[in-house]
Amino acid sequence: MDKYDIIGKSVPRNHTKDKATGAAQYTDDIKLPGMLHGRILRSPYAHARILNIDTSRAEALAGVKCVITGNDLPDIKFGNWRLFTETQDETGLARDRVRFIGDEVAAVAAIDKDIAEEALSLIRVEYEELPASFDIDTSLGKGAPIIHDPFKNNISVVRKVANGDLDKAFSECDYIREDVFNVHAISACYLEPCSSLAKCDPDGKITLWTSTQTPYMVQCLLASALGMRENDIRVIKPHVGGGFGAKMELRKWDVCAAFMAKKTGKPVKFTLTREEELATGRRRHPMRLFSKVGCKKDGTLVAKDLKILLDGGAYNAMGPTATFLCGNFGLMLYKYKSYRFLGQHVYTNNPPSSAIRGFGSPQSYFATETQMNLIAEDLGIDPIEIRRMNAVKTGDVIPELSTIGSCAFSECLDKVIEVSGYHEKRKNPKKGRGIGIGCYSFISGGVFNWFNTQYPFSAAEIRAFADGTVHLLTMASDIGQGSDTILPQILAEELGLKMEDIRITSADTATTPQADLGSWGSRVTLMAGNAVIDAAKKLKEILFGAVTAHYNLNVIHELECKDGRIFSQVRPDKGLTFGQAVALAQKFNRGVPIVTRGSYTPRGMGMVTPAFSFGAQVAEVEVDEKTGRVEVKKMWTAHDCGTVLNPVSVEGQLEGSIHMGLGYVLSEQFAMEKGKTLNTTFLDYKMPSALDMPVSESICIETYEKEGPYGAKEAGEGLVGPTAPAIADAVYNAVGYRCMDMPITPEKVLKGKKDSLN
Amino acid sequence: MKHLITLKVNGDDYTVACDSSRTLNEVLREDLGLTGTKLGCGDGDCGACTVLIDGDSVSSCLTLAVSCEGKEITTVEGLAKSGEELHPIQEAFIEKGAIQCGFCTAGMEMSALNLLKKNPSPTEPEIRTAISGNLCRCTGYYKIIEAIHSAAETMKEKQ
Amino acid sequence: MGLSRFDYYAPETIGDACELAGKLGEGTMFMAGGTDLLIKAKRRLLNVSAVIDIKKIKELNKITFDEKEGLVIGSTVTLTEIENHPLIKEKYPAIADAAAATANVQIRNMASAAGNLCNAAPSAENAPVLLAMGANVTVEGRDGKRIIPLDKFFTGPGQTVLKQGELLTAINVPVPPKGAGTSYQHISARGKVDISSVCVGAMLVMKGDICEDARIFLGAVAPTPMMAKNAQELLKGKKITEELLQTAGIEASKECKPITDMRASKEYRTLMVAVLTGRAIDESRRRAAK
């Protein structure tokens, strides 16, 4: 018999009927009476001083209702790292300087989009062009242009980790290897371009519908950017067409929409074009990684010295977190006696980098995993064996950071090697074919509170009804990953109800309980899930009391919720339906509704995360040796995400990760020319199509994570990490080209291949 | 130049006055309120705006509304028979977990319909080709392919 | 960004279309599928003041074939119709291959081969095979009709010999000579649905093992689709061996004049011309033998 009624079942997602029929509303689908359409004027220069802006002709155009520039907005900087105000480096529109091609300079609201567009062409901006930097070398070099005045060396964030005596550790090594890796930027490519719609009530209070992963952060930051109070801003997250990390900040069009709605008294909507998204949108950090690793002859790792320079682009965005995390990922898979990390976040005049699925891990693991293969090859050790012997285990302490509560990394390795036939294929290679490995560990939400929230990290409210239903309210944001399904699923299990007994309202800052930090870092299932369980426990206490009183049960009886009933475990006949119990409890309270609240904040959990996930992935590729084209034939994945709450959802996340990982290593990149993005369409920014996807086979190795709801932890985000190194290793295995600079292109394969292999 | 045109969308006639340069996507979304059809790129590369015109899938973002007069337009809102009875393609998308963020869904379903009308028993490579003009960032396409397979089976049984 | 404002007309005869185009003058564009035109209008790459939609002209929407005149593809016939046409698949398989390799399903359901030619991108997928098969295009205007050999049609990127107000009404492809085999080869460096970095169309006329005639055209490696003259000459009168097709490929790569852009470098394109020309010759030979 199954341990659970609904946990572990692939219940279909909530809202999928709406989405399948086209009824689901995304921000741009909302149309309010009298609504104005906003457009943004962007900088054509990578770095320039704004000398003058003349908006008079735009304002005179019939149909234009509002034109604003940076000086119309309060002079208040914002950014997600509220705890460290010096990192907050953005304003609603550029004030005196532009720092990348596409930097927002002015905004127009008009009665239709065409008029707004025409008005943009009538704004005259006088710029004085300044020297610009398009790479970290220039930014760090002598005489570099200073991009933000307080940071004379262009380094905006420094992160250091130092465990053990590094020099001593290296002196104990039989073998030391130093490598430099370069990884590039990609777009999140969420299908829904950013959109934001603001309405201002006559009393000055603002409602903002926006395509965001973090309504609470947007609420707080928008309030501060406009000099308003938090409670004067209501942020509602409608359906969101994907975010992948790149929709977790207050964005300038949010500020403009709200400000202009207030100014005009009419709703104002901004929706970006794909061209704007690709040319100016958030990107994954390009990084240069210097990695020095030392080990014993037998492959036992001893010391690691990792330095990472991040090309942050023109603003910090989520760069500080990426700087912090990429250093953590540098030591999450394997044990080292001593580890040192130095991360430097460098300003350039490129479009800003930010969080994109994996948050520093795809870059970090590309280096770690490629280097593991290089070491194994140098020492003549099997690449799997060297991983197994150094792999972290349950209970291992990551110095100063965390203790690993559950870990099936080694089991994942064993399983993926077995199902993929890795060793057999390595031994008997076919011409042009290759097989390779990559591994990862990931976080289940962060415990760092750089946003400086004054509320719990996640919260839930349950309202119980006498008709046997409940209403779950939470600020957790479903952006396509499925939290609007998983959270009711957890609640249904707790209360012994069915999915259809639960109504969910989520991600509306005015009606759902404070607060939730949003959907990023794979935090929602664990944190909001725990908040739901906390609220459910409190509700059960009330209902159990009612049933106990009704039957005059001995107070030592344990009660249970199952199949819509609440009953004594030892006397199952002594029980009421869920609705009867609610009715009774409510009567006891003379009609006061039964409402409970729960929350979760990770405490005493170290510096990184409450729980770590793990996994290993094998890729098999076929390389056309004449054209250099790489075709990925199959991916095998074994991963440990704790208890699998909803298998189809977990698989869906994993499969999406393969898509993004494959694009990252083989086809997606920006063609840049002096800070200008040349490929601004999906024709030339190449994310994989259905024809490019390999066969995928995956296995979940279940563990029980005691910090997670029903033992669950992160699933699907971290998996974007191993794909690139696995494919790169397979390409090496096929034709002898070892990729150290992402991405792999046919041209690089042709140049780097060795004819003798396979 | 403004034209007074009548569009037949999901079997209903709508008369709208529209400029000749307006796309079908704009008229569907903004004038008719049929926002199930999305706009993902505006260049015919992503497929989120796919609708059927006289039975063929097209990018509504690259179709002039005026050119559609007298043609049968089917959008995602016209797929289901009623609020209660969904089209087998929709059922399969829900059932198989083919929907995550949902932004590509309408276009995917319309591409699936274009395929299954012409080829009731598609092979996997045929399904992949049929949706290769529909980009999805969430699913890796696996469950979408599975859903189209499954819908094909259901549709054959129903016939 | 929305489309620029323009007027719209949908005449029902070729005569009316040409008359209208002549009357409206500069800035008037004929539109079949519109998939290239509207993108150019949106990006303001073309100054479009009027669009003449030719989809309502019934006689343009036809595919015909006879053993004397060969194949005629009307200028509103979509790529999907070409890709799936049984007779084209049988007698002109490389034409179907090129149509099927163009863009994606939705675009192929809208766009025409004629429009692909008129757009005159250096990478126009449907040009090389048609050129290799000696196609002509029929062009009509107010002053009458003219037939233009396709190899005289392109004058530069986005440029053709079409005069303002002239409408391409049909693509005419001769009956393939006895013993002919054709091929379309293309490579896109990054994904399977992609714009070609290099494409090659070939037609070989074989007598047994011997190549009697060869026509090879390269796309995306010069301002217009170009003939690989020396490679062709090298094949004529010879037995096609593995070595010869490689040599011919290298010869073709010496003739091409590619540039570096965001899709591929000059060096990579040059290498790929050699590879794809070899593959095109090989497939043509095999198809001829069938």
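Participant: Any chance you could explain the overall build of chain B here in plain terms?
Facilitator: The helix and strand inventory of chain B stands at five helices and five strands. If you list the helices and strands of chain B from N to C, you get β-β-α-β-β-β-α-α-α-α. A compact globule built from 159 residues would reach a C-alpha radius of gyration of about 15 Å, and chain B, at 15 Å, matches this within 12%. Dimensions of chain B, computed from C-alpha atoms along their principal axes, come out at roughly 45 × 30 × 25 Å. Every one of the 159 residues in chain B was classed for burial, and the buried ones make up 67%. When contacts within chain B are restricted to residue pairs at least 6 apart in sequence, long-range pairs at least 24 apart make up 55% of them.

Participant: So what exactly am I meant to see when it comes to helix H15 (residues 524-551) of chain A here?
Facilitator: Helical geometry note: an α-helix holds 3.6 residues per turn, so side chains three or four residues apart project in the same direction. Taking 1.5 Å per residue, 28 residues should reach 40 Å; H15 of chain A reaches 39 Å between its end C-alpha atoms and fits that length. Asn552 of chain A sits one or two positions beyond H15 of chain A and adopts a positive phi of about 50°.

Participant: How should I be thinking about the nonpolar core in this particular structure?
Facilitator: The nonpolar side chains of soluble globular proteins are, as a tendency, buried together. Residue and element names in this part refer to chain A. Formed by 249 residues in total, the largest nonpolar core has its most connected members in Ile437, Val470, Ile727 and Ile744. Take this core: its biggest share by element is 14 residues, from H15. Ignoring anything within four residues of it in the chain, the contact list for Ile727 reads Ala619, Val621, Val632, Met635, Leu662, Val665 and Leu666.

Participant: I tried to follow the environment of His345 of chain A on my own but got confused; where do I start?
Facilitator: Residue and element names in this part refer to chain A. Within the fold, His345 resides in strand S16 (residues 338-347). Residues His345 and Gly330 lie 15 residues apart in sequence; the distance between their C-alpha atoms is 16 Å. Contact partners of His345, with chain neighbours within four places excluded, come to Asn154, Ile155, Ser156, Val157, His285, Leu310, Gly312, Tyr315, Asn316, Gly319 and Thr323. Within the structure, His345 has its side chain in polar contact with the side chain of Asn316 (distance 3.2 Å).

Participant: What is the right way to look at helix H12 (residues 409-420) of chain A in this model?
Facilitator: Residue and element names in this part refer to chain A. Between its first and last C-alpha atoms H12 spans 16 Å; for twelve residues at 1.5 Å apiece the expected length is 16 Å, and the two agree. All of the buried residues in H12 are Phe409, Ser410, Cys412, Leu413, Val416, Ile417 and Ser420. Along the axis of H12, the buried residues cluster in a sector spanning 160°; they form a single face. In this structure, the buried residues of H12 make contact with helix H11 (383-390), helix H13 (422-427), strand S20 (433-443), strand S28 (612-623) and strand S29 (630-640). Phi turns positive, to about 65°, at Gly421, one or two residues after H12.

Participant: Can you walk me through the domain arrangement of chain C in this structure?
Facilitator: Many analyses report the size of an interface as the accessible area lost when the parts associate. Residue and element names in this part refer to chain C. Considered domain by domain, chain C is made up of domain 1 (7-53), domain 2 (60-173) and domain 3 (180-289). On a C-alpha basis, the centroid separation for the pair domain 1 and domain 2 is 18 Å. Opposite the 17 residues of domain 1 that make contact, domain 2 presents 16 residues. Interface area for domain 1 against domain 2, summed over the two sides, is near 1,300 Å², with a carbon-plus-sulfur share of 60%. When the area that domain 1 buries against domain 2 is broken down by residue, the three leading residues are Ile14, Cys18 and Thr35, summing to 36%. Connecting domain 1 to domain 2 are one salt bridge. Here Arg142 and Glu19 are joined by a salt bridge, their closest N and O atoms 3.3 Å apart. For the pair domain 1 and domain 2, the interface holds five residue pairs in polar contact (both at pLDDT 80 or more). Only helix H1 (14-24) and strand S2 (28-31) provide two or more residues apiece to the side of domain 1 that touches domain 2. Ranked by the residues each element gives to the side of domain 1 that touches domain 2, the list is headed by H1, at seven residues.

Participant: What am I meant to see in the packing of H11 of chain A against H12 of chain A here?
Facilitator: Two quantities define a packed helix pair, namely the angle between the axes and the distance from one axis to the other. Residues and elements named next belong to chain A. At a minimum axis distance of 9 Å, the contact between H11 and H12 shows a crossing angle of 160°. For the element pair H11 / H12, the angle class is roughly antiparallel. Pair H11 / H12 crosses with left-handed handedness. Here Ile384, Arg387 and Arg388 of H11 come into contact with H12, specifically with Ser410, Leu413, Asp414 and Ile417. Of the residues in the contact of H11 with H12, the class split is three nonpolar, one polar and three charged.

Participant: Help me understand the domain arrangement of chain B, please; the structure alone is not making it clear to me.
Facilitator: Residues and elements named next belong to chain B. Parsing chain B into structural domains produces domain 1 (2-78) and domain 2 (88-158). Centre-to-centre separation of domain 1 and domain 2, based on C-alpha positions: 21 Å. Each partner contributes residues to the interface: domain 1 has 17 residues there, and domain 2 has 14 residues. Carbon and sulfur atoms supply 60% of the area buried between domain 1 and domain 2, which totals about 1,200 Å² over both sides.

Participant: Is there a simple way to think about the interface of chain A and chain B in this case?
Facilitator: With 52 residues of chain A in contact, the opposing surface of chain B contributes 42 residues. Taking both sides of the interface into account, the surface hidden between chain A and chain B amounts to around 3,800 Å²; carbon and sulfur atoms contribute 56%. On the chain A side of the contact with chain B, Ala20, Leu191 and Ala690 of chain A bury the most area, a combined 17% of that side's loss. At the junction of chain A with chain B, the criterion picks out seven salt bridges. Residue Glu668 of chain A is joined to Arg137 of chain B by a salt bridge in which the shortest nitrogen-to-oxygen separation is 2.7 Å. At the boundary of chain A with chain B, the tally comes to 25 residue pairs in polar contact (both at pLDDT 80 or more). Sorting the residues of the side of chain A that touches chain B by element identifies helix H1 (16-21), helix H17 (647-667) and strand S32 (695-700) of chain A as the ones contributing at least two each.

Participant: What is the right way to look at the pattern of salt bridges in this model?
Facilitator: Working definition: two side chains of opposite charge can pair if their charged atoms are close together. Throughout the structure, instances matching the rule amount to 80 salt bridges over all chains. Taking the shortest distance from any N to any O, the salt bridge between Glu172 of chain A and Lys168 of chain A comes out at 3.3 Å. On the basis of relative accessible area, Glu172 of chain A is assigned to the partly exposed category, the value being 23%. A salt bridge links Arg263 of chain C to Asp684 of chain A, with the nearest nitrogen and oxygen atoms 2.6 Å apart. Taken as a pair, Arg263 of chain C in the loop between helix H10 (242-255) and helix H11 (266-289) and Asp684 of chain A in the loop between strand S31 (676-677) and S32 lie in two separate chains rather than in one. Judged by relative accessible area, which is 7%, Asp684 of chain A ranks as buried.

Participant: Please clarify how the interface of chain C and chain A should be interpreted in this entry.
Facilitator: Contacts between the two partners involve 22 residues from chain C, matched on the other side by 23 residues from chain A. Between chain C and chain A, a total of about 2,100 Å² is buried, with carbon and sulfur atoms accounting for 52% of that surface. One salt bridge connects Asp114 of chain A with Arg5 of chain C, and the closest N-O pair in it is separated by 3.1 Å. At the junction of chain C with chain A, the criterion picks out seven residue pairs in polar contact (both at pLDDT 80 or more). Sorting elements by how many residues they give to the side of chain C that touches chain A places H11 of chain C first, with six residues. Grouping the amino acids of the side of chain C that touches chain A by side-chain chemistry returns ten nonpolar, four polar and eight charged.

Participant: Looking at this model, I keep getting lost on unusual backbone geometry. Mind explaining?
Facilitator: With the exception of glycine, the majority of residues adopt a negative phi angle, and the majority of peptide bonds are in the trans configuration. Residues and elements named next belong to chain A. Residue Ala515 follows Gln514 across a cis peptide bond; omega there is -10°. With respect to the helices, strands and loops of the structure, Ala515 is situated in the loop between strand S23 (502-506) and H15. With omega at -10°, the peptide bond leading from Met742 into Pro743 counts as cis. Not every positive phi belongs to a glycine, and Cys189 is a case in point at roughly 55°.

Definitions and cut-offs
Residues numbered from 1 in each chain as written. Chains lettered and ligands numbered in written order. Predicted model: local features only at pLDDT ≥ 70, side-chain atom pairs only at ≥ 80, totals over all residues. Heavy atoms only, no water. Helix = DSSP H or I, 4+ residues; strand = E, 2+ residues; numbered from the N terminus. Rg over C-alpha atoms; globule rule 2.2 N^0.38 Å. Buried < 20%, exposed > 50% of the residue type's maximum accessible area, 1.4 Å probe, protein only. Contact = heavy atoms within 4.5 Å. Expected span 1.5 Å × (residues − 1). Core = buried A, V, L, I, M, F, W, Y, C linked by side-chain atoms within 4.5 Å. Polar contact = N/O pair within 3.5 Å; in protein donor to acceptor, adjacent residues only side chain to side chain. Arc of directions from axis to C-beta. Domains from an automatic or database assignment. Buried area = accessible area lost by both parts, 1.4 Å probe. Salt bridge = Lys/Arg side-chain N within 4 Å of Asp/Glu carboxyl O. Axes fitted to C-alpha atoms, helices over the stretch in contact; angles between N-to-C directions. Parallel < 35°, antiparallel > 145°, perpendicular 65-115°, else oblique. Left-handed = near helix turned anticlockwise from the far one by under 90°. Nonpolar A, V, L, I, M, F, W, Y, C, P; charged D, E, K, R; others polar.

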